[in-house]
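# Observations on chain architecture
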Amino acid sequence: MNKKVMVVGGGIAGLSAALELSQKNIQVELVEKSCFLGGKAIGFTCKATDKCQQCGACLVEEVLRDVVGQSNINIHLRTEIDSVVKNGKFKVKLKKSDSIPKEDKVLTGFSKYNSPYKVVIGTPQDSKDGVNIDELGTQGELDVDAIIIATGFTPFDPTARATYGYGTWENVITALELENMLRSEVKVIKPSNKQRAKKIGFIQCVGSRNKEFNSVWCSEVCCPYALRMASMIKYRYPDTEIWIFFIDIQNVGKNYLSFLEQINSEVKFVTATPIDIFPDKEDKVRVAYKDDIEDKRILEPFDLVVLSVGIMPNEDNKVLSKMINIDLSEDGFFREIDLMEPNLTSQEGIFLAGTTTGPKDILNTISHAKSAVCETLTYLGGKK
Ligand SMILES: Cc1cc2nc3c(=O)[nH]c(=O)nc-3n(C[C@H](O)[C@H](O)[C@H](O)COP(=O)(O)OP(=O)(O)OC[C@H]3O[C@@H](n4cnc5c(N)ncnc54)[C@H](O)[C@@H]3O)c2cc1C
Ligand code: SF4
Ligand code: SF4
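An account of the accompanying structure is given in this report.

The rules we used
Residues numbered from 1 in each chain as written. Chains lettered and ligands numbered in written order. Predicted model: local features only at pLDDT ≥ 70, side-chain atom pairs only at ≥ 80, totals over all residues. Heavy atoms only, no water. Near = heavy atom within 4 Å. Nonpolar A, V, L, I, M, F, W, Y, C, P; charged D, E, K, R; others polar. Salt bridge = Lys/Arg side-chain N within 4 Å of Asp/Glu carboxyl O. Buried < 20%, exposed > 50% of the residue type's maximum accessible area, 1.4 Å probe, protein only. Helix = DSSP H or I, 4+ residues; strand = E, 2+ residues; numbered from the N terminus. Contact = heavy atoms within 4.5 Å. Pairing = 2+ DSSP bridges. Axes fitted to C-alpha atoms, helices over the stretch in contact; angles between N-to-C directions. Core = buried A, V, L, I, M, F, W, Y, C linked by side-chain atoms within 4.5 Å. Polar contact = N/O pair within 3.5 Å; in protein donor to acceptor, adjacent residues only side chain to side chain. Areas by Shrake-Rupley, 256 points an atom, 1.4 Å probe, with all protein chains shown as cover. Expected span 1.5 Å × (residues − 1). Arc of directions from axis to C-beta. Phe/Tyr/Trp six-rings, centres within 6.5 Å; stacked < 30°, edge-to-face > 60°. Lys NZ or Arg CZ within 6 Å of the ring centre and 35° of its normal.

## A word on the site of ligand 2
Around ligand 2, a shell composed of C46, K47, A48, C52, Q53, Q54, C55, G56, A57 and C58 is seen. Its residues placed into classes, the shell around ligand 2 shows 6 nonpolar, 3 polar and 1 charged.

Structure below.
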């Protein structure tokens, strides 16, 4: 088929869609706003203990390696779409991205783990083995036959939950930062003194299931990632004490009971939403919560507190939705026309893939992206 498809977003959704299309001999233009491919998940750690915990993280590198090797995928890093006009085909204007997402900074130190796909960066000085950040970015116009939007999500910004002190107290980090840390380090480090954190508290549902932030949905991925990370940390360092503050536990898979039984013996679960976090004189952070049974306020000290941040709509959605003339749902994610048609939009020829429509883990993101490709092929008149 002599057709060309633009995939916007180079996370696992965009990579999976691009690879699937290229294997069907479709020319792909892969447009990625940041300076690297793989999205959030390229920075995730392997959570294996003595066995694989099926977190899906290694799939991302596998797909990335395949994408980079395909001659019919043009990769446009540090690039965004500027305008889209439909005139039978789609005329898409591309521009160099000025706003480098925050994750680029987080991932800078991990570029060597992206090897041999050295599309990752820092400052030009840091990038002697890689690509000069200033040289990235495509400007110009492209004609394409269809577009897949795979622009993903934004992790909840916990500075909005001011009483947790994220950004103020060094030893309060997000789960995304813990994922990145464990990718480069074997142990969990306490940022204030670079020593191993021996007592760690995870706080679940940070930003999710919350009316105050208009984000009432369950983010679906944070119970599984927190429990898998806790289990992996206990496996590596059995003397680590881990507490998990939670409302209830969701989505831990089909071996739910045996997994919970095992993890129950490894970590302490506390059914409470902490109110406050603050440092003490011993360089600990104290988590204040209410013990409902004893009806009293407790202050529990930790070396490190990890905020299990949820999946929020991509900050670019509003601008993008106007540009491509597709509605957003009330929650701010892209709206599929029908729950039975999870990749179709109100615009023929424009399809949705991955967390751009709402929370999904890596495996569900890949299958959503593959079904977006099936719909695209049908639209292009090809065979599924
Ligand atoms: C802390 C944390 C831990 C997690 N751990 C796990 C886990 O262990 N296992 C698991 O299965 N899932 C996990 N998840 C979920 C996982 O992150 C998602 O399933 C996955 O990242 C979804 O991929 P995506 O491609 O849809 O989105 P993203 O990863 O968000 O990728 C989107 C891409 O699009 C790019 N982009 C954004 N806007 C634009 C634009 N305007 N133009 C061009 N490009 C753009 C972004 O730069 C990015 O590269 C975790 C999530 C969080 C928050
Ligand atoms: S990255 Fe996850 S899925 Fe892959 S081997 Fe490790 S635990 Fe298993
Ligand atoms: S997956 Fe767990 S932590 Fe995440 S929002 Fe749902 S219940 Fe809360």
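## Regarding the pattern of salt bridges
Using the criterion set out here, one finds 18 salt bridges in the structure. Where K290 meets D292, a salt bridge forms, and the shortest distance between an N and an O atom there is 3.2 Å. Judged by its relative accessible area of 41%, K290 is partly exposed. Three or more residues joined by partner-sharing salt bridges are found here, namely K190, D283, K284 and D303.

## Points about the side chain of Q53
With respect to the helices and strands, the residue Q53 is situated in the loop between β2 (27-31) and α2 (57-68). In contact with Q53, not counting residues within four places along its chain, are K47, A48, R228, S231, M232 and F259.

## Here we look at helix α4 (residues 175-184)
The buried count for α4 comes to 7 of 10 residues, which makes it a mostly enclosed element. Those residues of α4 that fall on the buried side of the exposure criterion are A175, L178, E179, N180, M181, L182 and R183.

## Looking at the sheet that holds strand β16 (residues 285-291)
On the basis of which strands lie adjacent, the open sheet formed by 3 strands has the order β15-β16-β17 and antiparallel pairing. One side of each edge strand has no neighbouring strand; the edge strands of this open sheet are β15 (276-279) and β17 (296-302). Ignoring strand direction, the axes of neighbouring strands in this sheet form an average angle of 30°. Here 7 bridges tie β16 to β17, and the two strands are oriented antiparallel to one another. Each residue of the ladder has a partner; that of Y289, found in β17, is I298.

## Focus: the nonpolar core
As a rule of thumb, nonpolar side chains are buried together in soluble globular proteins. Of all hydrophobic cores here, the largest spans 56 residues; its most connected members are L178, F202 and L307. Per-element tally for this core: the top contributor is helix α5 (residues 222-236), with 9 residues. Contact partners of F202, with chain neighbours within four places excluded, come to L178, A226, M229, A230, I233, I242, W243, I244, F245, V306 and S308. L30, F36, I148 and L377 belong to the second-largest nonpolar core, a separate cluster that totals 40 residues.

## Section: the site of ligand 1
Taken together, the neighbourhood of ligand 1 is formed by 34 residues, with E32, K40, T355, K360 and I362 sitting nearest. K40 is positioned with one of its side-chain polar atoms (N or O) 2.5 Å from an oxygen atom of ligand 1. Against a free-state accessible area of 990 Å², the protein chains account for coverage of 97% of ligand 1. Those elements that place two or more of their residues in the shell around ligand 1 are α1 (12-23), α4 and α8 (362-380). Split into classes, the residues belonging to the shell around ligand 1 amount to 14 nonpolar, 12 polar and 8 charged.

## So, α2
Helical geometry: 3.6 residues make up each α-helical turn, so side chains three or four residues apart lie on a common side. Counted at 1.5 Å a residue, the expected span for α2 with its 12 residues is 16 Å, and the 18 Å between its end C-alpha atoms agrees. Taken residue by residue, α2 has A57, V60, V63, L64 and V67 as its buried positions. Along the long axis of α2, the arc covered by the buried residues comes to 115°, so they all point the same way. At its buried positions, α2 is contacted by α1, β2, β3 (73-76) and α8.

## Examining the packing of aromatic side chains
If you walk through the whole model with that rule in mind, you get 8 aromatic pairs. With centroids separated by 6.2 Å and ring planes inclined at 35°, the aromatic side chains of W243 and F245 adopt a geometry described as tilted. Residue class for W243 comes out buried when judged on its relative accessible area of 6%. Residues W243 and F302 carry aromatic rings whose centres are separated by 5.6 Å and whose planes lie at 85° to one another, so their mutual orientation is edge-to-face. Separated by 59 residues along the polypeptide, W243 in strand β13 (residues 241-246) and F302 in strand β17 bring together distant segments of the chain. With relative accessibility at 0%, the residue F302 sits in the buried group. Clustering of aromatic rings is evident, with ring pairs tying together W243, F245, Y289 and F302. Sitting above the plane of the F153 ring, K40 keeps its charged end 4.5 Å from the centroid. Across the ring face of W243, the terminal group of K268 is positioned such that the distance to the ring centre comes to 4.6 Å.

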